[in-house]
Amino acid sequence: MTVVNLQYYAQLREQAGTSSEQVTTTAASLQELYEELRVRRGFSLTAEALKVAVNAQFSAWDRPLRDGDTIVFIPPVAGG
Amino acid sequence: MRFRLSSEAVDSAQLRDALRHPASGGFCAFEGWVRNSNEGQEVDGLSYEAYADLAMAEGERIVAEAIERYGVTDACCLHRTGDLKIGDMAVWVGASAPHRDEAFRACRYIIDEIKHRLPIWKKEHYVTGESDWVACTHVYREHEHERHHHHGHAHHTHAEAFVPDYSRQVRLREVGEAGQAKLAAARVLVIGAGGLGCPVISYLAGAGVGTLGLVDGDRLDASNLHRQTMYHARDIGELKVDLAARRVAELNPTVTVQTWTEPLDVANAVDVFGQFDLVVECTDDMRSRYLSSDAAVVSGTPLILASIYQYEGQLQFVSAQPGQPCLRCLWPDEPAPHAVGSCAQSGVLGPVPGVLGAMQATEALKVLLGLPQPSGSSLVLVNLLDFTIQHLPIDSAQGCALHGGCVEVARRALSEAEDEAGIDLAFGRLEDAMAQGFTIVDLRDADEIALEPMPVTVARWIPSAQVMARSCELTAGRQLLVCASGRRSAHAARQLRARGMREVYSLAGGLAALRLTI
């Protein structure tokens, strides 16, 4: 089990109903974690549409999770 | 036929009903009546004589001008000829529009121009038994004063007299007289004069940037006013670039302004970028952002991107220098419209684009003044709910560098876009497309269709999110994809073309464009 801190932006924040949360997960990678959250939170966007950053650095989706990671999911936005 | 001459009494109810339209939220009419006196003489009747052919042509032109100028849904005018008694209606003008302001102004424009330009002569019959032809003089035309007041030559005299005072910024050690001279020599292109563009344009004009290029094809809508702070309620219906140019002239008449009233496209973007030192991308359109990033990289012009969503925003500086990341380094392909949201669909708090636009303006001045940009190659995430700002460095080695470099990737994207230039087709009526053998495919969601049913029976309904999965249904003959604005349909058509489906097209401007041409 890994404990990570999540931050959501834009549509994900709206759909999650919160800007941030702490979760305990068995997911091994960012990809698995997002799929888990997608089911639980009902996110409409797939991982391909998003960017992910861990501890303030953009990251590949296959990165393994570590305790205490701060993970940010970022959708593209178009408003102006 | 929107202008008529009639020797019969005016049936105003019938004229009014002809201007009823679902897109119109208001209607305004003007009636001119025969009154019982003119310049101190008692009048008991009038006769109108018209040079009919010329009057009809000119009248038609005037009404068309009013529709174009104020963006009203419809307008018409009827002028009497022959003998009229006191109280008879001599002229009737009506205009219907989404909002009342355009309707009032169009109505006023038509009556003023009719009085001024139409070859119609009035003969007054006086109670004394005499009569006289009356020349129409002293016609006051409201719109002339509008124009005179706002652009006009007044600014020239003003420009000569006005000496800008930049002392508050020149006092900054990093600016000084040398920095001010750099700003005066600078040419900045601002794409989009909306929520982001308003603060960008205002601050750059105020700072004394020598030349501002402004690009926007939209007209001001009442729903823009909560976040687009340069504009006034009275401006609704006018082109934003015209309004923005006027605002710049009022704020700092020493700034030279160039305007583009159509969005840039693949044919001109690189050339236009080449005429500027810096571009600030302020549209709400993903396609425009990608075109801007590609044009910036190819022309070597630095670009400041920003976009917003509800209470948040993203900012990225593209230096267009070798080894520095572009938009495609982060997001290689344009995302589907449904993935990105919009102010209209998702809502936005007015000050959010204000904050992000002010950040773009700050970044622009830093670039022009040569100040350090510590976040130069980062994506900056701004969250105005909790006031956090995150900087995420973009590793350019993981972006376009893997696909031949930013310039190569941008050139490829521009050339693909050129190939796709024929995808958007404009039709006045969907019936015309059907007559030419197009199968009409409605890509809208069920709730949109319920609000605005298609004007014709469509062959297929495939919500845009399902279109790729159901592409096999679109193989027989030429397909015209249709959505509300033309964005989703164009995106879907490009994706389908990329799969080798060459006969897929998109209705340019979507159903909204059809509505304008009815």
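Structural data are supplied above this passage.
**Considering the state of the cysteines**
All names here are of chain B.
And step 1. Using the criterion set out here, one finds zero disulfides over all chains in the structure.
And step 2. Cys-406 forms no disulfide, and the closest cysteine sulfur to it belongs to Cys-329, at a distance of 3.5 Å.
And step 3. A relative accessible area of 16% means that Cys-406 is categorised as buried.

**Looking at the environment of Ala-184 of chain B**
All names here are of chain B.
And step 1. Residue position: Ala-184 is located in helix H7 (residues 176–185).
And step 2. Under the relative-accessibility criterion, Ala-184 is labelled partly exposed at 48%.
And step 3. Separated by 70 residues in the primary sequence, Ala-184 and Thr-254 place their C-alpha atoms 9.3 Å from one another.
And step 4. Discounting chain neighbours no more than four positions away, the residues touching Ala-184 are Gly-208 and Gly-210.

**Describing the sheet that holds strand S22 (residues 504–507) of chain B**
Residue and element names in this part refer to chain B.
And step 1. Taken in spatial order, the five strands make up an open sheet running S18-S22-S21-S19-S20, and their pairing is parallel. Two strands lie at the open edges of the sheet, namely strand S18 (424–425) and strand S20 (460–461), each paired on one side alone.
And step 2. Contacts from helix H19 (residues 487–498) reach S18, strand S21 (479–482) and S22 within the one sheet, and its direction differs from that of S22 by about 170°.

**Quick look at helix H3 (residues 100–117) of chain B**
Residues spaced three or four apart along an α-helix face the same direction, because each turn holds 3.6 residues.
And step 1. With 18 residues, H3 of chain B should reach 26 Å at 1.5 Å per residue; the first-to-last C-alpha distance of 26 Å fits that figure.
And step 2. If you check which residues of H3 of chain B are buried, you get Glu-102, Ala-103, Arg-105, Ala-106, Cys-107, Tyr-109, Ile-110, Ile-111, Asp-112, Glu-113 and Ile-114 of chain B.

**Focus: the sheet that holds strand S1 (residues 2–8) of chain A**
Residues and elements named next belong to chain A.
And step 1. Read across the sheet, five strands follow the order S2-S1-S5-S3-S4 without closing on themselves; strand pairing throughout is mixed. Unpaired on one side and paired on the other, strand S2 (20–25) and strand S4 (57–58) mark the two borders of the sheet.
And step 2. Summarising the sheet, S1 and S2 pair through six bridges and their orientation is antiparallel. Opposite Val-3, over in S2, you have Thr-24 as the bridge partner.

**Comments concerning the interface of chain B and chain A**
And step 1. Residue-level contacts link 33 residues of chain B with 23 residues of chain A.
And step 2. When the two sides are added together, the surface that chain B and chain A hide from each other amounts to roughly 2,400 Å², 57% of it contributed by carbon and sulfur.
And step 3. Inspection of the region where chain B meets chain A yields one salt bridge.
And step 4. Counting every contact that joins chain B to chain A gives 11 residue pairs in polar contact (both at pLDDT 80 or more).
And step 5. For the side of chain B that touches chain A, the secondary-structure elements that each account for two or more residues are helix H11 (286–299), strand S14 (303–309), strand S15 (312–318), helix H13 (337–340), strand S16 (378–383) and strand S17 (388–393) of chain B.

**Structural notes on the nonpolar core**
Grouped burial of nonpolar side chains is what soluble globular proteins tend to show.
Residue and element names in this part refer to chain B.
And step 1. Core analysis: the biggest nonpolar cluster contains 42 residues, and Val-188, Val-190, Ile-201, Leu-204, Val-209, Leu-212 and Tyr-231 have the highest contact counts within it.
And step 2. Ignoring anything within four residues of it in the chain, the contact list for Val-190 reads Gly-197, Val-200, Ile-201, Leu-204, Leu-212, Gly-213, Leu-214, Val-215, Val-280 and Cys-282.
And step 3. By size, the runner-up hydrophobic cluster in this structure holds 41 residues, among which are Val-266, Val-279, Tyr-290 and Leu-330.

Cut-offs used in this document
- Residues numbered from 1 in each chain as written.
- Chains lettered and ligands numbered in written order.
- Predicted model: local features only at pLDDT ≥ 70, side-chain atom pairs only at ≥ 80, totals over all residues.
- Heavy atoms only, no water.
- Disulfide = S-S within 2.5 Å.
- Buried < 20%, exposed > 50% of the residue type's maximum accessible area, 1.4 Å probe, protein only.
- Helix = DSSP H or I, 4+ residues; strand = E, 2+ residues; numbered from the N terminus.
- Contact = heavy atoms within 4.5 Å.
- Pairing = 2+ DSSP bridges.
- Axes fitted to C-alpha atoms, helices over the stretch in contact; angles between N-to-C directions.
- Expected span 1.5 Å × (residues − 1).
- Buried area = accessible area lost by both parts, 1.4 Å probe.
- Salt bridge = Lys/Arg side-chain N within 4 Å of Asp/Glu carboxyl O.
- Polar contact = N/O pair within 3.5 Å; in protein donor to acceptor, adjacent residues only side chain to side chain.
- Core = buried A, V, L, I, M, F, W, Y, C linked by side-chain atoms within 4.5 Å.

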